[in-house]
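One-letter residues, chain by chain:
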Amino acid sequence: MFVKMAPLRLFGLLLLVSLAKAGWQTDLELIVDRMTEAALDNASYEDLERLLSLLKPDGSFSDLKYGQDDSESFRTHGRRQSAFMYHHINGKDLTAEILSCFSFITYDAPPNTDDNWWGHVIGVPSKMWEGVVLAKDLIGKELLTDFLDRYWTNTEAGPVWNLEDNPGSMAGGNLGPRAMLGEVEGLLRGTYFEVHAEVQEALFVDLAERQPYDGNGLRPDGCLHQHNIGGNHNTDLGYLDHTLYNLYNGSYGKELLRFVSMLMSWYTGTDLDFDDATIEGLYAAYLECQQWLFRGHTQEPTTCGRHITDGTSITLYATRGAVQDTGYNLQKLGRHLEEVEAVLHRYDNVLPDPEFALSGNKYFFNSDLIVHQRREYMASVRILSNRTTRPETWPPSQNGDGYFQGDGFMTVLVDGKEYGKPKKEVFLVYDWAKVPGVTNLYTTDIPQYRTGAYWSGHFFNDAKFVGGVSDGQVGVAAMVCRRPYMALRLLKTWFFFGDVIVALGSGISLPPSDGTGESVITTLAQLAFEGTYVIGTKNGGEVTADFGHHEEELPVFLHHRNVGYVFLNSDERLFTSADTRTHGEDNIDIFTAWLDHGSTPEDASHGYVVLPSFDLEQTRLFAANPHVKVLSQSHDLHVVCHESSKTLGAVFVKAGATGASSCGDSGKLSLLVDAPCLALVSVNNESADAAELSVSLADPQQMYDVIRIKVTFDGREAEHTVQMPPVPDQGSSVTVVIIV
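Cut-offs applied
- In this convention, every chain numbers its residues from 1, walking through the sequence in written order.
- Under the rules for a predicted model, residues below a pLDDT of 70 receive no local features and side-chain atom pairs below 80 are neither given nor counted, while totals for whole chains, interfaces and linings still include all residues.
- Just so you know, side-chain values use all the structure's heavy atoms and leave hydrogens and water out.
- In plain terms, two cysteine sulfur atoms within 2.5 Å form what is called a disulfide here.
- Where helices and strands are cited, they refer to DSSP runs of H or I of at least four residues and of E of at least two residues respectively, numbered from the N terminus.
- Exposure classes here rest on a 1.4 Å probe applied to the protein chains alone. A residue is buried below 20% of its type maximum, exposed above 50%, and partly exposed in between.
- Scored from 0 to 100, pLDDT records how confident the predictor is in each individual residue.
- The contact criterion used is simple: two residues touch if any of their non-hydrogen atoms lie within 4.5 Å.
- Pairing of aromatic side chains requires ring centres within 6.5 Å, counting the rings of Phe and Tyr and the six-membered ring of Trp. Pairs whose planes differ by under 30 degrees are stacked, by over 60 edge-to-face, and all others tilted.
- The criterion for a charge sitting over a ring is simple: Lys NZ or Arg CZ within 6 Å of the ring centre, and within 35 degrees of the ring normal.
- Pairing between two strands is assigned when DSSP locates at least 2 bridges connecting them.
- Note on geometry: axes are lines fitted to C-alpha atoms, helical ones only across the stretch in contact, with angles between N-to-C directions running from 0 to 180 degrees.
- Only buried Ala, Val, Leu, Ile, Met, Phe, Trp, Tyr and Cys residues count toward a nonpolar core, and they belong to the same one when joined by side-chain atoms within 4.5 Å.
- The span you would expect from a helix comes to 1.5 Å times its residue count less one.
- Between 65 and 115 degrees an angle is taken as roughly perpendicular, under 35 as roughly parallel, over 145 as roughly antiparallel, and anywhere else as oblique.
- By the definition used in this description, the sense in which the near helix is turned from the far one sets the handedness, with an anticlockwise turn below a right angle giving left-handed and a clockwise turn giving right-handed.
- Polar here means any residue other than Ala, Val, Leu, Ile, Met, Phe, Trp, Tyr, Cys and Pro, which are nonpolar, and Asp, Glu, Lys and Arg, which are charged; Gly is therefore polar.

K.L.:
Got a minute to help me understand the state of the cysteines in this structure?
P.N.:
In a disulfide, the sulfur atoms of two cysteines are held together by a covalent bond. On inspection of all chains with the given rule, the structure shows two disulfides. Note that Cys 223 is cross-linked by a disulfide to Cys 289, the S-S spacing being 1.7 Å. One disulfide, between Cys 223 and Cys 289, carries an S-S torsion of 80° and so falls in the right-handed class. One end of the pair, Cys 223, is in the loop between helix H9 (192-208) and strand S1 (230-234); the other, Cys 289, is in helix H11 (residues 276-289), with 66 residues separating them in the sequence. For the pair Cys 223 and Cys 289, one class covers both residues: buried. Sulfur-sulfur distance for the disulfide between Cys 641 and Cys 663 comes to 2.2 Å. Between Cys 641 and Cys 663 the disulfide shows an S-S torsion of about 100°. By sign, it is right-handed. Of the two residues, Cys 641 is situated in strand S26 (residues 637-642) and Cys 663 in the loop between strand S29 (661-662) and strand S30 (668-673); the sequence distance between them amounts to 22 residues.

K.L.:
For this particular structure, what's the right way to read the confidence of the model for the protein chain?
P.N.:
Low pLDDT marks stretches whose predicted atomic positions should not be read closely. Per-chain confidence: the protein chain averages 89 in pLDDT, with 89% of residues scoring 70 or above. Low pLDDT, under 50, characterises residues 210-216; the stretch is placed with 26 contacts to residues that sit more than four places away or in other chains. For residues 228-245, every residue scores under 50 in pLDDT, and the model assigns this stretch 59 contacts once sequence neighbours within four places are set aside.

K.L.:
I keep staring at the packing of aromatic side chains and nothing clicks. Help me out?
P.N.:
Where two aromatic rings form a pair, the distance of their centres and the angle of their planes describe that pair. Throughout the structure, instances matching the rule amount to 23 aromatic pairs. Taken together, a centroid distance of 6.2 Å and an interplanar angle of 20° make the contact between Phe 61 and Phe 84 stacked. Residue Phe 61 is found in the loop between helix H3 (48-54) and helix H4 (72-89), and its partner Phe 84 is found in helix H4; the two are separated by 23 residues along the sequence. Summarising the burial analysis for this pair, Phe 61 and Phe 84 share the class buried. By the ring-pair criterion, three or more aromatic residues cluster together here, those being Tyr 66, Phe 74, Phe 102, Phe 104, Phe 147, Tyr 151 and Trp 152. Directly above the ring of Phe 259 sits Arg 258, whose terminal nitrogen or CZ lies 4.7 Å from the centroid. When the ring centre of Tyr 442 is taken as origin, the NZ or CZ atom of Lys 434, which lies over that ring, is 5.1 Å away.

K.L.:
Looking at this structure, I do not really get the sheet that holds strand S5 (residues 360-364). What am I missing?
P.N.:
Two strands in a sheet stick together by hydrogen bonds in their backbones, pointing the same way (parallel) or opposite ways (antiparallel). If you walk across this open sheet you meet the four strands as S5-S6-S7-S8, and the pairing is antiparallel. Each edge of the open sheet is held by one strand with a lone partner, namely S5 and strand S8 (409-413). If you compare each strand with its neighbour and ignore which way they point, the axes differ by 10° on average. Two strands pair when backbone bridges link them, and strand S7 (residues 377-382) and S8 are joined in this way by five bridges, in the antiparallel orientation.

K.L.:
Before we go on, may I ask you to explain unusual backbone geometry in this structure?
P.N.:
For residues other than glycine, phi is negative in most cases, and the peptide bonds are mostly trans. In this structure, Pro 728 follows Val 727 across a cis peptide bond, with omega equal to 10°. For Pro 728, the position within the fold is in the loop between strand S34 (716-723) and strand S35 (734-739). A positive phi angle, near 55°, is found at Asp 368, a position not held by glycine. By relative accessible area, Asp 368 is classed as buried at 0%. In this structure, Lys 646 is a non-glycine residue whose phi angle is positive, near 50°.

K.L.:
Where do I start with the sheet that holds strand S25 (residues 628-633) in this structure?
P.N.:
With antiparallel pairing, the six strands of this open sheet are ordered in space as S25-S26-S27-S31-S32-S35. Each having just a single partner strand, S25 and S35 make up the two edges of the open sheet. Between one strand and the next, the sheet's axes are offset by a mean angle of 15°, whatever the strand orientation. Two elements, strand S32 (residues 691-698) and S35, share six bridges in a ladder whose sense is antiparallel. Following the sheet pairing, Ser 694 is matched in S35 by Val 737.

K.L.:
Just checking my understanding: could you explain the nonpolar core for this structure?
P.N.:
Across soluble globular proteins, nonpolar side chains have a tendency to be buried as a group. Within the largest apolar cluster, 85 residues are counted, with the highest numbers of intra-cluster contacts made by Trp 129, Trp 152 and Trp 266. If you tally residues by element for this core, the top one is helix H10 (residues 249-267), at nine residues. Dropping the residues within four chain positions of it, Trp 266 is found in contact with Ile 31, Arg 34, Met 35, Ala 38, Trp 129, Met 180, Val 184 and Leu 187. Judged by nonpolar contacts, the second largest core, of 62 residues, contains Ile 383, Ala 477, Val 500 and Leu 527.

K.L.:
Teacher, can you tell me more about H4 here?
P.N.:
Helical geometry note: an α-helix holds 3.6 residues per turn, so side chains three or four residues apart project in the same direction. Taking 1.5 Å of rise per residue, 18 residues should cover 26 Å, and H4 covers 26 Å from first to last C-alpha, within 8% of that figure. Following H4 by one or two positions, Gly 91 adopts a phi angle in the positive range, close to 115°.

K.L.:
Just to check I follow, could you spell out the packing of helix H7 (residues 141-153) against helix H8 (residues 172-189) for this structure?
P.N.:
The geometry of a pair of packed helices is captured by two quantities: the angle between their axes and the separation between those axes. Where H7 contacts H8, the two axes come as close as 11 Å, and the packing angle between them is 160°. Taken together, H7 and H8 sit at an angle that is classed as roughly antiparallel. Here H7 and H8 pass one another in a crossing that is left-handed. The segment H7 lies against H8, with Leu 144, Thr 145, Leu 148, Asp 149, Trp 152 and Thr 153 engaging Leu 181, Glu 185, Leu 188 and Arg 189. Class assignment for the residues of the contact of H7 with H8 results in five nonpolar, two polar and three charged.

Here you go:
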């Protein structure tokens, strides 16, 4: 996330005067006590006997290679200093050991040879702050000052906190820890006031201002936006505009939330407290965005950035800092307590109590991400427009194979264990050419492209018609795929109703001249394998399978891990595979399912229903009598009716009408629009001579001021002009109630 620095406000001078008059010494003592308590809470509990066995007489550790492994030994040394202090505070006299550790790392340790600035100004001090805070009264002023000079001020990459080094080019995931570490230094040195005023100024811009196109803080859709901000490679317009966003909360975003919320908890209720706008900005990032992005301990994977291919714990533990730690810190601020309590309950309970459940639908219109939450499951789809960037991909090592991640990556989480076990996530052995929800030309050689170079068209989707509409409970997402350097063309849509999700594709075409011999596929699932899976066949039978490969022509349904898939087009070719893949000494079982459209499809399509949290019998019953109906699946119009809720979802790639049809047991309904848009129409109630309809609209191209609609119900007509949101909220949804 980037911040645009504002000049220091008059606040600083006025606060200095007020502190001189007020009981600032008492406030300072309270702040330092809170900082010390936080340091103890975050200190390492590493086994003392092991630490003592590794400690050498000079204060170093025998297993560490200082100066030979970048920052790793320095970070480990810092954690161990906090562990010594933890055991010291809990009754063991370790004064000599602590002094020797601090003396060695301050005076005798070789230089840190890390060539990454992050290791110097964030990585190392972020692991050292707990120990030095806890040891501040033990090591003496001279050693304390020299230690801070080396690791906070005179680092190879400059000081940890330097206002001149915090311009609009700094990501918030870097600003957050640097701000907190800068405050630690100020409180330990006694220069806290100047630092605190600067930190508040930086965070005020970062968290509270919602500028649409400059800076990269809290976007109008409520989310923190991180790396990959930059020019939009628009091949149609031939210029670079700076409206390009990537939602990236899982790692960098969590760093800002965690460190800043902890920092704010130290100052709350004192004369040095942060202003209301900054605090509310932090709550907004947590409640408007972060709470939508997890189920239990599992993070929505497309928000994990380049770290996802680590596969060690990124989706399973990314939530700790982002959800758990931030929630605990926010509780100390004393605001929004019920909402924060609900978030923390959902973190600890994959099936939350009903009163704490999050039930709704949200489209992040700056991020091109739709999320659907119910007590029983969560689902999401990440898409890509010419306004956004795909999830971080930095070849060759950092998610270098994430080429297809932004093309409709669909997540369905029921038990929160779909991606495997900690340290053994499926992403370690993933087939990145089979990303759930995505339609692509299969390849065993994932294109490696430079995401940091804006001339690389592989990084973008040139289509404008990408977006979502939501009424807060249900929603629709749509994406026209126009990736440069790829000849495959298609329209993809997802309809999120209360209990089911309908996924449609149309116009799936690849010219023969661009065929490779591999198939164009649509992947349904790639996740941890659990036991067996069942396929319903066209002759009314069933196939129960375990490990191995299977092909089924014209399947009726598929069921695995409490998720069902029911096929609507009656022409699918389903391939499934369950196998064991090896990473190091670990064996990871993976289940994959995909549809095969042939090597050079022409105007192919797919249609299937995803049934999250459905058991096998419920899947059978739905397949026999589905309560969704596809009313249109053409190149430029997708329409789906959810009969039980009498809700119609429509994707208009161009102006037009849905055609008249009953949705459920309602009267015949038709919607006419005068501009491309996405729409939801729900029949709230009806009588013989009138009906109340709820209509939600969104402009996926983010270009229209108004959209005119005509609703026809049982032969009666009503027209309405819908005012669309202006900048910076273009792309968000508008709901109107129409009586017809």
